[in-house]
Structures are given as C-alpha cells and as structure tokens.
Amino acid sequence: MMRVLFLDIDGVLNSAAWNAEHQQEIAQGILIDREKVKLLSQLVRDTHAQIILHSGWRMWFDAQLRPLRKEAEILAQFFAEMGLSIAGVTPDLTTEDIRRNKQFSLVKADEILAWLGQHEDIHSWLVLDDLDLHNETIRQHQVQTDPAVGFTWKDVERACQILAK
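The notes below deal with the structure included here. Quick caveat: nothing in here was measured; it's all calculated off a predicted structure.

**Looking at the pairing of strand 3 (residues 86-89)**
The sheet contact formed by strand 2 (residues 50-53) and strand 3 spans three bridges and is parallel. What sits directly across from Ile 52, in strand 3, is Gly 88.

**Quick notes on helix 6 (residues 105-117)**
In this model helix 6 runs 19 Å from its N-terminal to its C-terminal C-alpha over 13 residues, within 8% of the 18 Å that 1.5 Å per residue would give. Turning to helix 6, its buried residues number three or more, namely Ser 105, Val 107, Lys 108, Ala 109, Glu 111, Ile 112, Trp 115 and Leu 116.

**Some remarks on the packing of aromatic side chains**
For the structure on display, the rule yields three aromatic pairs. Arranged with centres 5.4 Å apart and planes meeting at 85 degrees, the rings of Phe 6 and Trp 115 form a pair that is edge-to-face. With Phe 6 in strand 1 (residues 2-7) and Trp 115 in helix 6, this residue pair connects regions lying 109 residues apart in the sequence. Plain terms: the ring middles of Trp 57 and Trp 60 are 4.6 Å apart, the flat faces sit at 40 degrees to each other, and that makes the pair tilted. You'll find Trp 57 and Trp 60 in the same group, each marked buried. Clustering of aromatic rings is evident, with ring pairs tying together Phe 6, Trp 115 and Trp 125. Directly above the ring of Phe 78 sits Arg 34, whose terminal nitrogen or CZ lies 4.0 Å from the centroid. Just above the ring of Trp 60 sits the side chain of Arg 69; from NZ or CZ to the centre is 3.8 Å.

**Some thoughts on the side chain of Ser 41**
Turning to its location among the elements, Ser 41 is positioned in helix 3 (residues 34-47). In this structure Ser 41 comes out as buried when scored by relative accessible area, which is 1%. At 2.6 Å, the side chain of Ser 41 forms a polar contact with the side chain of Arg 45. Excluding anything up to four places from it in sequence, Ser 41 contacts Met 82 and Leu 84.

Parameters and conventions
- Residues numbered from 1 in each chain as written.
- Predicted model: local features only at pLDDT ≥ 70, side-chain atom pairs only at ≥ 80, totals over all residues.
- Heavy atoms only, no water.
- Pairing = 2+ DSSP bridges.
- Helix = DSSP H or I, 4+ residues; strand = E, 2+ residues; numbered from the N terminus.
- Expected span 1.5 Å × (residues − 1).
- Buried < 20%, exposed > 50% of the residue type's maximum accessible area, 1.4 Å probe, protein only.
- Phe/Tyr/Trp six-rings, centres within 6.5 Å; stacked < 30°, edge-to-face > 60°.
- Lys NZ or Arg CZ within 6 Å of the ring centre and 35° of its normal.
- Polar contact = N/O pair within 3.5 Å; in protein donor to acceptor, adjacent residues only side chain to side chain.
- Contact = heavy atoms within 4.5 Å.

Below, the structure is given as structure tokens:
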C-alpha cells in the first residue's frame, strides 16, 4: 500500500514573496525556492509518500519523466539533491478553452481522481496546491498553501496528519 502526494509547483514550491526577491534567478530559469524543496523532502521522509506531479509543470517532462525544459531540469536537480523523485503524473484533462483562460482548477480534481481510479494500492493521499480545486473529496485531502508564502512548516504538519490517516 502506497502513500501518494499530488504536488502542484507554483504557489507551493515558490511564492509571490520569493518571486519578488529572486528576479535574477528567475531570469536564469530557476523558478523554485530551494527552502520549499527542503520542506517537501522532510514531508516525504516522514511519510514515505510517492510524489505525483499534478502541476502544469508535468508538461515539461517526457513520458519517462525526463525534463524537457531548463526549468524542469532545475526542479529535477533540486529534487535529486534532496533525495526526491517524481513517481508519476496525473493525466491531462484540460481543453484548449481551459488552457487559454488559465482555469486549470476546473479539471485538477478530476485529473487527481482519475489517477486514483487507475491505482488501487493507495493507503492514503494528499494534495498540495495553492488553488481551491472545487471538490469536497479533494478538499478533505488537501493542504491549500498560501501562494504569497508557499509551502510552510505548518503545512508540513497538516500534511503529515492527512497522510497518517
């Protein structure tokens, strides 16, 4: 039986505050706050959860989860440094209209539930996302981060509680 962590990136592993202070890094393709990755690493070590990417960033990896863009390479590098890896990705249920209007929160819950429907060996699961995903089942398993600050120790504590169920 597995524990699964559905991970969004923007607003979780970066934040409005970090982005404002790190324009030079952003210009170099570094869009991730290394301190947030450390927190994620602690959560994964404590819970032994597998990371399933449900962020739009999943499109920046190929079918073998190899990075296709510099930003994804840097994320993979930061993960490797912390002993983390991406075990899989959720399916893409977006439409052209959803992508054009950036309304990803309308399908993220369905993407997560579809992934869960294809994997019966799940003991517990968690969603880390800064968006409201408009689904009560998801809400019971979600730690909704504040996009202004991203992932915090308080979020780690809450996430551990959810995954311990």
